[in-house]
Structures are given as structure tokens and as C-alpha cells.
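Observations on the model geometry
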Amino acid sequence: MSDHNGVLHVKGRVLVGPHEARDELWVVGGRITWERPTAAREVTTVTGWVLPGLVDAHCHVGLDAHGPVDAATAERQALTDRDAGTLLIRDAGSPSDTRWIDDREDLPKVIRAGRHIARTRRYIRNYAHEIEPDELVEYVGREARRGDGWVKLVGDWIDRDAGDLTACWPRAEVEAAIAEAHRLGARVTAHCFAEDSLRDLVEAGIDCVEHATGLTEDTIPLFAERGVAIVPTLVNIATFPKLAAGGDAKFPRWSAHMRRLHERRYDTVRSAWDAGIGVYVGTDAGGSLPHGLVAAEVAELVKAGIPPLDALAATTWAARAWLGRPGLTEGAPADLVVYGEDPRADVRALARPRRVMVNGVVRA
């Protein structure tokens, strides 16, 4: 099926929610309907287990390990994610203008957080606005206006003078900046590896923390109480030992810290989930990691001890609700993925999509 002219009949087990499955849905004019069309001339049938398009809630389109990329490279990144079943991306910081993706009916939907906001010389070169604390409110306001309802801070990074991870922002400036984002209708998230930055960020009103490897028994209850979500990016945390090895000679304290964070990563995520913290799937693709890793991240959450159905929800129904985007609902864009096996029985099925549909057209 290559256009919106025909009607698509999707049969099998349509997984509307973690505990709700229907036998069929219809796609008319690129949108989902549960009502059988009365005057369909051309009907194409697709069968299998059906999920709403997967969500990668921490992804970077238009960015690679060295900084911004050209549009052709960004397109390949988005296509790789799409073909893996990722049809909704929260772009957690990019210096590239990727608004052109919104005009492409064959590419995933993107929710942008604008460009990262970091302290001067405290992040990866060519990625972020690098500023000082007295500029934070101004830049947060700017990115809140540029983005799609999110702003991304770099909450901690290696401090070369201290030789370890340290928090990037004073408490007062963070409070003012988050208040400004909220005034403008944007939510705020922050990159955080370490322990020290978390309490100030959460008490200042942050909405989400990326990676969150520094969560402890002291801060987990605070996250749960304040309703602060995490996106663990475990496929990225897997790179910590290699990073640590590269820093052994110059920054031994930092290297040892990174190894400790890595060693307890699964316990950290499971403890957060046990406490009722919202945990969502994100891959951190587009920096040093390739795109298309969403199935691997779901498998990592299961390895951490999150029940498979909840790990599946973290990239489908729950993630879409958290981001304010529809799933398999009447009138929603027909962004869905069809599998030959039941992904509820084994999340590894996510790595083998049979059909990927964007706006009602089978694209992969």
C-alpha cells in the first residue's frame, strides 16, 4: 500500500493497551478507525500482533559524535529509527534544525527539546549552548520557545579541576530557569550521571532526568513523591567501562565513579521502578550510538528486573501518554507496527517488525 487512497484492514491482535486487545482496526485516509468502512473499494489486509509506533524518549536526530550533521545524514538516522519501529521520538537535544522532518509523511514524529544547555567547557564540544549561570533563565526561555514543549539541561559533567563529576548549576538559577520554562508551557529534563545534582534539580521542579545513574535510596523517594520520570538509556550506560578506561590516567576519581555507576545500573533502575517512578525507553542514539536500538533498550529494562509488560509499556502506551501523543485511538494517525509474534510474551520480538506503518502507509 503506497498511498492514502485505499483502506487498510489490520487483523490479528491489536494491542490497544497492556490489558486490552481487539481483533481488528481499519485505516482510512491515513487515520485509525474502529468502524468498518461502508463503501471501501480497495481493501488491503495486514495480519499480526499490532502495537502503536514505538517511542524512543531519548534520541538525537541531526547529531553525531562530532556535532551537527547535514540533512541527508539526519534523514538516514530517522529512517533507521523508523524501520526499527520507532515512530515517535523525543529528541533530547540537537544543534541541528530538523523542522523539515515535520513535512515528511514517511518519517517518525519528533518532539524536540531544542539545543542542550550546558556550562562553559562542561559538555561535549559542538553540542550545546555553553553558558554561565546568570544566562540560564534567558537560554531556557529561548529553547522553550524553539522546542516542542521540552528543554534539556546538562545537570552534571566532569569538572577537570575536581577530577570528577560535579553539578553544573547553582540551586537558585536552576529554580528560576525551571520556573521560566514552566511559565512558557515547557517541561524540563536534565542529563545527570552523578548523585550530587539530583536533589537540587528535583526540588527545583524538574520534570524528568536522563540516565539517572546516580539515584540512591535517599533520592529515589524524592523522585517518586514529586512525580519525576527517568529515562535510563541503559544501552548507553553500557559504554561506561570503556569511557572509564580512557580516563584512568588523567582522571582516576572520575573513572572509578563511572565504573561504580555502571556496576549498580540494573539495581538503580529496578529500585526506581519499585518505588513507582515513571521509567521510559530511550536509547541516546545520535551521539556515539547508532540509531534503531529501541528493542535492545526494552530488553535491557527487562534484564534490570522490570516486568516485560511494563517494559513494553515504557516504549508504547505509557510513553505516548507521558508525552501527550495518541496511541491506537479513533482518529489518530495510523502509526503502528505489526509483528509476527506476540511481543507481550517475549519483548525480543520488537527487534523483528513485520510491517511498519506511518500515517497509514506501510513504509517498511
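The following paragraphs examine the structure supplied in this document. (Residues numbered from 1 in each chain as written. Predicted model: local features only at pLDDT ≥ 70, side-chain atom pairs only at ≥ 80, totals over all residues. Heavy atoms only, no water.)

Once that is clear, we can look at the sheet that holds strand 5 (residues 54-59). In space, the three strands of this open sheet follow the order 5-8-9, with parallel pairing throughout. A single partner strand is all that each edge strand has here, and the edge strands are strand 5 and strand 9 (109-112). On average, each strand axis in the sheet is inclined to that of its neighbour by 20°, with strand direction left out of account. Looking at chain direction, strand 8 (residues 86-91) and strand 9 are connected through four bridges and run parallel. Within strand 9, the residue paired with Asp91 across the bridge is Arg112. (Pairing = 2+ DSSP bridges. Helix = DSSP H or I, 4+ residues; strand = E, 2+ residues; numbered from the N terminus. Axes fitted to C-alpha atoms, helices over the stretch in contact; angles between N-to-C directions.)

Where helix 7 (residues 240-247) meets helix 8 (residues 252-263), the closest approach of the two axes is 8 Å, and the angle between their N-to-C directions is 165°. Relative to helix 8, helix 7 is oriented roughly antiparallel. Here helix 7 and helix 8 pass one another in a crossing that is left-handed. Where helix 7 abuts helix 8, its residues Phe240, Pro241, Leu243, Ala244, Ala245 and Gly247 lie against Pro252, Trp254, Ser255, Met258, Arg259, Leu261 and His262. (Parallel < 35°, antiparallel > 145°, perpendicular 65-115°, else oblique. Left-handed = near helix turned anticlockwise from the far one by under 90°. Contact = heavy atoms within 4.5 Å.)

Let us now look at the packing of aromatic side chains. All chains considered together, the criterion is met by six aromatic pairs. Ring centres 4.8 Å apart and planes at 75° place the aromatic pair Tyr123 and Trp157 in the edge-to-face group. With Tyr123 in the loop between strand 10 (117-119) and strand 11 (129-131) and Trp157 in strand 13 (residues 156-159), the pair connects residues that are 34 residues apart, well separated along the chain. The class of Trp157 is buried, set by a relative accessible area of 16%. An angle of 70° between the planes, with centres 4.8 Å apart, marks the rings of Phe193 and Phe240 as edge-to-face. (Phe/Tyr/Trp six-rings, centres within 6.5 Å; stacked < 30°, edge-to-face > 60°. Buried < 20%, exposed > 50% of the residue type's maximum accessible area, 1.4 Å probe, protein only.)

For the rest of this paragraph, the subject is the layout of surface pockets. Size it by volume and the largest pocket reaches roughly 890 Å³. Contributing to the lining of the largest pocket are 29 residues, with Tyr123, Ile124, Arg125, Trp157 and Leu243 lying nearest its centre. Contributing elements (two or more residues each) for the lining of the largest pocket: strand 13, helix 7 and helix 8. Examining the composition of the lining of the largest pocket, we find that four residues originate from one element, helix 7, more than from any other. Among the residues forming the lining of the largest pocket, the class breakdown is 13 nonpolar, 10 polar and six charged. (1 Å grid on protein atoms, 1.4 Å probe; cavity = no way out; pocket = protein on both sides within 12 Å on 5 of 7 lines; lining within 4 Å. Points joined across faces, edges and corners; volume = space filled by probe spheres on them. Nonpolar A, V, L, I, M, F, W, Y, C, P; charged D, E, K, R; others polar.)

The next point concerns the side chain of Asp335. Positionally, Asp335 belongs in the loop between helix 12 (317-323) and strand 18 (336-339). Given a relative accessible area of 6%, Asp335 falls into the buried group. Engagement of the side chain of Asp335 in a polar contact is seen with the backbone nitrogen of Asn359, the distance being 2.7 Å. If we ignore the near neighbours within four places in the chain, the residues touching Asp335 are Pro52, Gly53, Leu87, Lys109, Arg320, Met357, Val358 and Asn359. (Polar contact = N/O pair within 3.5 Å; in protein donor to acceptor, adjacent residues only side chain to side chain.)

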